[in-house]
Amino acid sequence: MVEKLEKASMANGELLTYFNYGEVIATAELVACHLITEEYLSTLPDTEKALGDYSLGRYAWELRNVKELPEPIKAKGQQGLWSWEA
């Protein structure tokens, strides 16, 4: 999946249409939430910065144990954290 994201981030605007919406594509553990500051931005590689909105004052979620699912699963979610039963 990381390879797909890196390829998608190389073409301006392509990322928004690369994946289908309304699908669970992976599971992960949320381990931290970071306030976006100049100091935090200096720790991120350009490929990471290309994949999100890292405006000052926003927050970034730190994930671990990200596991890509073999096939996407249709799901109706919402913004933010939400509970999901397979």
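Notes on the structure in this doc start here. Residue indices follow the written sequence of each chain, beginning from 1 at its first position. For this predicted model, a pLDDT threshold of at least 70 governs which residues receive local features, and a threshold of 80 or more governs which side-chain atom pairs are given and counted, while totals over whole chains, interfaces and linings are taken from all residues. To get the side-chain values, all heavy atoms of the structure are used, and hydrogens and water are removed first.

Section: a nonpolar patch on the surface
(1) Moving on: Taken together, Leu 30, Trp 61, Leu 63, Val 66 and Leu 81 make up a surface patch of nonpolar side chains, about 510 Å² in accessible area.
(2) Moving on: Among the elements that take part in the nonpolar patch, strand S2 (residues 59-74) stands out by supplying 3 residues, more than any other. Patch members must show over 30% relative accessible area and no salt bridge, and they are joined within 9 Å when carrying like charges or within 5 Å when they are nonpolar side chains of Val, Leu, Ile, Met, Phe, Trp or Tyr. Each accessible area value is a Shrake-Rupley result obtained with a 1.4 Å probe; residue values ignore everything except the protein chains displayed when judging cover. We define a salt bridge as a side-chain nitrogen of Lys or Arg found within 4 Å of a carboxyl oxygen belonging to Asp or Glu. Secondary structure follows DSSP: runs of H or I at least 4 residues long count as helices, runs of E at least 2 residues long count as strands, and numbering of each begins at the N terminus.

A closer look at the environment of Cys 33
(1) Moving on: Along the chain, the position of Cys 33 falls in strand S1 (residues 23-35).
(2) Moving on: Whether two residues are in contact is decided by their heavy atoms, any of which lying within 4.5 Å being enough. Residues within four places of Cys 33 in sequence aside, it is in contact with Tyr 59, Ala 60 and Trp 61.

As for the nonpolar core
(1) Moving on: Only buried Ala, Val, Leu, Ile, Met, Phe, Trp, Tyr and Cys residues count toward a nonpolar core, and they belong to the same one when joined by side-chain atoms within 4.5 Å. Only protein chains enter the area calculation, which uses a 1.4 Å probe; residues under 20% of their type maximum are buried, those over 50% are exposed, and those in between are partly exposed. Grouped together as the largest cluster of nonpolar side chains are 6 residues: Ile 36, Tyr 40, Leu 41, Leu 44, Tyr 54 and Ala 60.
(2) Moving on: Setting aside residues up to four positions removed in sequence, Ile 36 forms contacts with Leu 41, Tyr 54, Ser 55, Leu 56, Gly 57, Arg 58, Tyr 59 and Ala 60.

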